[in-house]
Amino acid sequence: MDLRQLEYFVAVAEERNFTRAAERVHISQSGVSARIGRLERELGAELFDRSARTVTLTVAGKAALEHARAALAAAGAVGRAVGEVTGLIRGRLTVGMVVGCTLTPLFDALAAFHEAHPGVEIALLEDRSDRLLDGVRTGAVDLALIGTATAAPDGLESLTLISERLVVAVPAGHPLARRRQVALRDLTTHPIVCMPPGTGLRTVFDEACAEQGLRPAIALEAGAAQAIADLAVRGLGVAVLSASMAETYRDRLTVRPLVDVGTPALLALVWKGAHNPAVHAMLVHARREFGDFPGVRPQAAPGGS
């Protein structure tokens, strides 16, 4: 067996889907399937139950998973150890970015990192915030830009980039446009257009509604602020956005604060620890590029480095 086989095995185990695993490791699905099949033949056991839509680990697969992760971590440590001695950073850096969020400073940081460390292969992965958090925790993602409801996700370190209150946005003729401010109870009598579950903004909204015992009618969901705004403009629902998201659409929508949602929606960089030299170097560039960003605040998990 080789490290590539183990990498693909771990990817399928974590993604529970051959297609998503193939996208993650940047090869075809048939290539992943072939490598996994070869590994299973070498081990003399099936590692995955493929009978359902979601791929699950067999007993043998569960037994192999942690050893495979350990082998990949050990191989990465060898390269890092040599890099520390020679002063070079090599390997691969996987950076996650929440779908629908484009921040120029992140791309500037990636460009500066690439120029300083050309020996590091950079992979950029777009996904929902909750899946990116899981990826950081398992080591599949090294550093991620996420939307979150908490400044310090359990077991991780973070850098808060934006902290904003939630607002609603409606067309000029909508009943809520006549109000100076909106409460959740007023909002939930109307159909709502918002981010999908797994996003930081939606988590803040859902938790605020749950605290008041409210069950909002979610008419439509979209992962990008522009899509949510466009749907609201057409009268398909009240848009729930963060303040800066809504600001862009004030020429078409009336924006009102949600007065009884005290928890802000956060946009943050998260990582498991900066022991990996590539992560440490990327954070240096990220802090530099985001340095002039309003409201940037470092948050470290207890005991983190």
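Here goes a summary of the coordinates provided. A quick note: this is a predicted structure, and the numbers were derived from the prediction, not measured. (Residues numbered from 1 in each chain as written. Predicted model: local features only at pLDDT ≥ 70, side-chain atom pairs only at ≥ 80, totals over all residues. Heavy atoms only, no water.)

1. Quick word on helix H2 (residues 18-25)
Stage number 1. Residues of H2 that are buried include every one of Phe18, Ala21, Ala22, Arg24 and Val25, and no others. Projected onto a plane normal to the axis of H2, the buried residues spread over an arc of 160° and lie on a single side.
Stage number 2. As for H2, its buried residues are in contact with helix H1 (3-15), helix H3 (29-43), strand S1 (48-49) and strand S3 (91-98).
Stage number 3. Two or three places before Thr19, at the opening of H2, Asn17 has a side-chain oxygen 2.8 Å from that residue's backbone nitrogen. (Buried < 20%, exposed > 50% of the residue type's maximum accessible area, 1.4 Å probe, protein only. Helix = DSSP H or I, 4+ residues; strand = E, 2+ residues; numbered from the N terminus. Arc of directions from axis to C-beta. Contact = heavy atoms within 4.5 Å. Polar contact = N/O pair within 3.5 Å; in protein donor to acceptor, adjacent residues only side chain to side chain.)

2. Section: the sheet that holds strand S8 (residues 192-194)
Stage number 1. Ordered in space as S9-S8-S10-S7-S11, the five strands form an open sheet in which the pairing is mixed. Edge positions in the sheet fall to strand S9 (218-221) and strand S11 (254-257), since each has one partner strand and no second. Pairwise comparison of adjacent strand axes, ignoring direction, gives a mean angle of 30° for this sheet.
Stage number 2. With four bridges connecting them, strand S7 (residues 166-170) and strand S10 (residues 238-242) associate as antiparallel partners. Bridge pairing in S10 places Val168 opposite Val240.
Stage number 3. Here helix H8 (residues 200-211) sits on the sheet in contact with S7, S8, S9 and S10, set at roughly 115° to S10.
Stage number 4. Relative to the sheet, helix H9 (residues 225-233) contacts S7, S8, S9 and S10, its axis offset from that of S10 by approximately 150°. (Pairing = 2+ DSSP bridges. Axes fitted to C-alpha atoms, helices over the stretch in contact; angles between N-to-C directions.)

3. Structural notes on unusual backbone geometry
Stage number 1. Phi angles above zero are rare outside glycine, and Arg16 is one such case at about 60°.
Stage number 2. With respect to the helices and strands, the residue Arg16 is situated in the loop between H1 and H2.
Stage number 3. Residues other than glycine seldom take positive phi values, yet His26 does so here, at roughly 65°.

4. A word on the pattern of salt bridges
Pairing of side chains with opposite charge becomes possible as their charged atoms draw close.
Stage number 1. Scanning the model with the defined rule gives 17 salt bridges in all.
Stage number 2. Notably, a salt bridge pairs Asp130 with Arg128, separated by 2.7 Å at the nearest N-O pair.
Stage number 3. Salt-bridge contacts for Glu247 lead to Arg250; the nearest nitrogen and oxygen are separated by 2.8 Å.
Stage number 4. One salt-bridge network, held together by shared partners, links Glu14, Glu15, Arg20, Arg24, Glu66, Arg69, Asp127 and Arg131. (Salt bridge = Lys/Arg side-chain N within 4 Å of Asp/Glu carboxyl O.)

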